[in-house]
Amino acid sequence: MKFAYRVSARRQPPAWDGGPCLSLPSPDPLTAPPPVSSFLPLLPSQFSGLLGTVYRRGNLSFTRDGSALVSPVGNRISVFDLKNNKCETFPLATRLNIVCVGLSPDGTLAILIDEEGAALLVSLIGKCVIHRFYFHKPVHSVSFSPDGKKFVITKDNVALMYHAPGRTREFNAFVLDKTYYGPYDETTCIDWTDDSKCFAVGSKDMSTWVFGAERWANLIYYSLGGHKDIIVACFFEENSLDLYTISQDAALCVWQCDTELDGLKPMPPKDAAREKNAAKNDEEFLEEPKGEEIHGKANPNERETRDKVKYSRVAKYFFNKEGDFNNLTSAAYHKKTHLLVTGFASGIFHLHELPDFNLIHSLSISDQRIASISINCTGDWIAFGCSGLGQLLVWEWQSESYVLKQQGHFNSMVSLAYSPDGQYIVTGGQDGKVKVWNTSSSFCFVTFTEHTSGVTAVTFTSNGYVILSASLDGTVRAFDLHRYRNFRTFTSPRPSQFSCLAVDCSGEIVSAGSQDSFEIFIWSMQSGRLLDVLSGHEGPISSLSFNPMKCVLASGSWDKTVKLWDMLDSWRTKETLILNSDVLVVAFRPDGKELAVAALNGQITFWDHENAVQTGSIEGRHDLQMGRKELDKITAKQAAKGKSFTTLCYSADGQSILAGGLSKFVCIYNVKEQILMKKFEISCNFSLDAMEEYLDRRKMTEFGSMALIDEGAGGEDGVAIPLPGVKTGDMSFRHFKPEIRVTCLRFSPTGRSWAATTTEGLLIYSLDSGLIFDPFELDIDVTPSNIRKTLHQKEYTMAIIMAFKLNEKKLIQEVIEAVPSNEVDVVCSSLPDLYVEKVLEFLASAFEISCHLEFYLIWAHKLLMLHGQKLKTRSVKLLPVIQFLQKSIQRHFEDVSKLCEWNIYNIKYALAISQQRGMKRLAEETSVDEDDLDSDSDYLMQEVHKDSFSS
């Protein structure tokens, strides 16, 4: 999952072209740009995870063991590990949104197909792209055979069977075997028999076809009717040719076959050879082989069906007998338990037992269409995907409980904030929700829904247990992360729409800016009272920021000014900075000595706010590199002249600044040199608008762009055009492409990652220094053999210094773990100051992966005790490292404390039971009254429960 590019202020690499990250070759250390002697997080950041979006569209799939779920998220895939409660997004992407995902039976490969039929063959183990293929037309479904030797895709009105890629190296991973014709309309679904001999294909022409993977003498290909609407799903019964077909009008047909799977007769060798020779002769005149073509017959005559496999419909059932449900949209069947799960457009799902059609459950999970259903291999867990709200649910139907329940912001995210220790991220969206995400597991663990309008800003207080959010509903709300409740609501005397928010470093003063009354409101966190209303701006307040080191508030406004307000001097205006354009965002450097301001003219200016002097500026308009929207009348170059940065964020050490706006790029600038260091392309998804620099002339007509034409009328996501008298259908519903944009950027306090809220979701980019050789004060005598020789001579301090000079992580770990625990005190006291910081940084990263918890805790304790005073003098520079160390230790503390509390309870329970048995044995010997004995045992158990609650 990890890839990296090393960049510097001297050499600027080209922007990532958005392709799959891991298919790129590793950077060559000989040709890579030289390292920069500045803070590491500015350099090799790679895509680390996607939060805030758990499902978009396409089919859900469980892995082979049934413990993980693969979910398509836009043009990427996320894997949800349900047993370990973690989520991982693969660092590879298709060009458009993924609509089909096919997993191989052994769980090693996946085929991802996007909206236009471009496919990626992906290794789920290496998380990389193995092969690319283009099917030329949209694909509706893909499915591997149970034996893993073939896979079938459906497009248009045909089914194509390919040889599945094997474990050996191949020049072409996708080799076409057979092409099956028969349906008159688009094919919709596929299902295989258990022995991979046959497969069934459903179609929009209301028919289902059964085809053979090989030519069988007694199997002719004809259609099964009986439905009055589109076939949504078809399923074979276990080890049988019996078939179930389900249509969109909520009808189920049960088909019985008069032949068992073992009764299929292979084609005679002469006939098979004749057909193969005919196919080869046809292929000689073609530029590329098309495989064997097989044509089915819709209405075979009686002579052709004699002594052949025959199907008969034995039953037909209806789900909506009472007319309570809408169209059936998705279905899944578990063959071993005979469990059928069906989802409807109204958000209701049913569980039935087949073939008797007995209803087990009927529940509603939302009011949106259920787009995809999947059942794991054991039949215990059922996954549901709702594309309308971006919901992903995993339900255990026997215990009627949720295994996973996640939902992103169904409108775009607009703001985010890191907690002080970097463990959590809070996001606010236009849907009025405030969500808190765990950066380790990538799961949302609490959602606050108290706001009645869009959330415009969110932030943490300095203690990390209180979240503040501002909204257009005229309130600022404070949420408690201990009890998960809204414990304080701040309002203004007159209703105002709050556009920005800031809290001081102590967490006691809360300020919010209004976009309609041009005022700044100040509240007390303790009492909730309004302390003051700051007036002076002549335009909407666009941004607020508190100085981290002083009691000074900076406010930016559309009136082309930035005002500095002194908190200790009755909120008087300390300074007014005048700019040439409307101010969009202000941000203080972490040490509080510099102020960055982004304006509407595309400039980023830097100010010494103490002396009200401008110290530098960056012209960033050309770096935004806007794309051209489909309906734009002007070119992207002309459109970029009116664009600007809308969000700024300093890095943890203050040496660089992140900037983003209405563009697919995030720029990192060096503040001192005022140059562009790197541009990150946050998305390569062309399903979003404003991604292309030039419009495709083939999409332009004499009447305008083809984007104005809404295609796919009557489809699952198209405009349902109703006939007279029909109640369903909404002519106001239209497709639209969301525009790519970056709404908020934040650096993690640990300095190891940064996050961006975008149209696609919450993207996290983290530091990866493991792939790069980055020596430190290296000389000719520092080699691995010399380091191990020094270590063997028990010169531990010298060995550690040499290992850090070579800067190979595995070697550093080997050296540090070779130091005896009783020698740690001596080694720590003899370490030079320069290497203390490096050892602390190594310890913080080692805590995340190592099992030697106590050993590393001894190291951290001794280093901080012996060098604490010296480290305090460099606290600003070392703050990210200390916070990274705190985050790692805190995570272990939470895990171990839960385990210890559980063990203490179990030990006390076991002691109470043993005492109870001892008292019973004593009572039998001394004939004690039973009532006294019971009261004593009850007292003991009550004491155990009291201790457990108190702990």
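Residues numbered from 1 in each chain as written. Predicted model: local features only at pLDDT ≥ 70, side-chain atom pairs only at ≥ 80, totals over all residues. Heavy atoms only, no water.

Per an unreviewed UniProt entry, the protein carries the name Periodic tryptophan protein 2 homolog and comes from Aquila chrysaetos chrysaetos. Word for word, the UniProt comment on the protein under Subcellular location (unreviewed entry) is "Nucleus, Nucleolus". The protein has a UniProt comment under Subunit (unreviewed entry) that states "Part of the small subunit (SSU) processome, composed of more than 70 proteins and the RNA chaperone small nucleolar RNA (snoRNA) U3." (UniProt positions renumbered as here; feature names shortened; annotations may be inferred.)

Engineer: How should I be thinking about the overall build of the protein in this particular structure?
Structural biologist: A tally of regular secondary structure across the protein gives 12 helices and 59 strands. For the protein, the residues scored as buried account for 52% of the 951 residues in total. (Helix = DSSP H or I, 4+ residues; strand = E, 2+ residues; numbered from the N terminus. Buried < 20%, exposed > 50% of the residue type's maximum accessible area, 1.4 Å probe, protein only.)

Engineer: Before we go on, may I ask you to explain the nonpolar core in this structure?
Structural biologist: Across soluble globular proteins, nonpolar side chains show a tendency to be buried alongside one another. Judged by nonpolar contacts, the single largest core of 39 residues is most densely connected at Ile 800, Ile 816, Val 839, Leu 843, Trp 859 and Leu 863. Mapped by element, the contributors of at least two residues to this core are α5 (784-792), α6 (796-806), α7 (809-818), α8 (824-830), α9 (833-849), α10 (853-873) and α11 (875-926). Tallying contributions element by element places α9 first for this core, with nine residues. When sequence neighbours within four positions are dropped, the list of residues in contact with Ile 816 reads Ile 800, Phe 804, Val 839, Phe 842, Phe 855, Tyr 856 and Trp 859. If you look at the next biggest cluster of nonpolar residues, it comprises 34 residues, including Val 152, Leu 219, Leu 243 and Cys 253. (Core = buried A, V, L, I, M, F, W, Y, C linked by side-chain atoms within 4.5 Å. Contact = heavy atoms within 4.5 Å.)

Engineer: Explain the pairing of strand β16 (residues 208-212) to me, please; I cannot follow it from the model alone.
Structural biologist: In regular strands, side chains alternate between the two faces of the sheet. Burial of β16 is extensive: five of the five residues sit out of reach of the surface. From the end of strand β15 (residues 198-203) to the start of β16, which pair antiparallel, there are four residues, and Met 206 there has a positive phi angle of about 70 degrees. (Pairing = 2+ DSSP bridges.)

Engineer: What should I look at first to understand the UniProt feature "repeat: WD" (unreviewed entry) in the protein in this one?
Structural biologist: In this numbering, the UniProt entry assigns the feature "repeat: WD" (unreviewed entry) to residues 406-447, 448-489 and 534-567. Taken end to end, residues 534-567 is 0% helix and 56% strand, and its first and last C-alpha atoms sit 11 Å apart.

Engineer: Would you mind going over the sheet that holds strand β28 (residues 381-386) with me for this structure?
Structural biologist: Reading across the sheet, the four strands line up as β27-β28-β29-β30 and stay open at both edges, with antiparallel pairing between neighbours. Strands with a single pairing partner mark the edges of an open sheet, and in this sheet they are β27 (372-375) and β30 (401-407). Between one strand axis and the next, the sheet turns by 10 degrees as a mean value, whatever way the strands run. Of the pairings in the sheet, the one linking strand β29 (residues 391-396) to β30 comprises six bridges and is antiparallel in character. Looking across to β30, one finds that Leu 393 is bridged to Lys 405. (Axes fitted to C-alpha atoms, helices over the stretch in contact; angles between N-to-C directions.)

Engineer: Which parts of the structure should I look at to understand the packing of aromatic side chains?
Structural biologist: Given two aromatic rings, their pairing is described by the distance between the two centres and the angle made by the two planes. The final tally for this structure, using the stated rule, is 41 aromatic pairs. The interplanar angle of 25 degrees and the centroid separation of 6.1 Å between the aromatic rings of Phe 521 and Trp 523 together place this pair among those described as stacked. This pair shows no difference in class: Phe 521 is buried, exactly as Trp 523 is. An angle of 10 degrees between the planes, with centres 4.7 Å apart, marks the rings of Trp 754 and Tyr 765 as stacked. Taken together, the positions of Trp 754 in strand β58 (residues 753-758) and Tyr 765 in strand β59 (residues 761-767) put the pair 11 residues apart, joining distant regions of the chain. A relative accessible area of 2% places Tyr 765 in the buried class. Grouping aromatic residues by their ring pairs yields a cluster made of Phe 133, Phe 135, Phe 144, Phe 151, Tyr 162 and Phe 174. In this structure, Arg 95 packs its charged tip against the face of Phe 686, placed 4.4 Å from the ring centre. The positively charged end of Lys 679 is found above the aromatic ring belonging to Phe 665, 4.5 Å away from the centroid. (Phe/Tyr/Trp six-rings, centres within 6.5 Å; stacked < 30°, edge-to-face > 60°. Lys NZ or Arg CZ within 6 Å of the ring centre and 35° of its normal.)

Engineer: How do you make sense of the pattern of salt bridges when you look at a structure like this?
Structural biologist: Any two side chains of opposite charge can pair, so long as their charged atoms come close to each other. All told, the structure shown has 22 salt bridges when counted by the stated rule. Between Glu 841 and Arg 752 there is a salt bridge, with its nearest N and O atoms 3.1 Å apart. Of this pair, Glu 841 sits in helix α9 while Arg 752 sits in the loop between β57 (742-747) and β58; the two residues are 89 residues apart in sequence, bridging distant segments of the chain. Exposure remark for Arg 752: the relative accessible area of 19% places this residue in the buried category. The salt bridge partner of Glu 814 is Arg 788, with a shortest N-O separation of 3.1 Å. With Glu 814 in helix α7 and Arg 788 in helix α5, the pair connects residues that are 26 residues apart, well separated along the chain. Among the charged side chains, a salt-bridge network with shared partners connects Lys 150, Asp 177, Lys 178 and Glu 214. (Salt bridge = Lys/Arg side-chain N within 4 Å of Asp/Glu carboxyl O.)

Engineer: How should the packing of α7 against α9 be read in this particular structure?
Structural biologist: For any two helices packed against each other, the geometry is given by the interaxial angle and the distance between the axes. Where α7 contacts α9, the two axes come as close as 12 Å, and the packing angle between them is 95 degrees. The angle between the axes of α7 and α9 places the two elements in the roughly perpendicular class. Of the residues in α9, those touching α7 at Lys 809, Ile 812, Gln 813 and Ile 816 are Val 839, Phe 842 and Ser 845. Among the residues making up the contact of α7 with α9, the classes are represented as four nonpolar, two polar and one charged. (Parallel < 35°, antiparallel > 145°, perpendicular 65-115°, else oblique. Nonpolar A, V, L, I, M, F, W, Y, C, P; charged D, E, K, R; others polar.)

Engineer: Looking at this model, I keep getting lost on the sheet that holds strand β4 (residues 76-81). Mind explaining?
Structural biologist: Consider a sheet: its strands pair through backbone hydrogen bonds, and that pairing is either parallel or antiparallel. Overall, antiparallel pairing links the four strands, which are arranged β2-β3-β4-β5 in an open sheet. Of all strands in the sheet, those with a lone pairing partner are β2 (61-62) and β5 (86-89), marking the two edges. Both strand β3 (residues 68-73) and β4 contribute to a ladder of six bridges, which runs antiparallel. From the neighbouring strand, Val 70 faces β4, where its bridge partner is Val 79.

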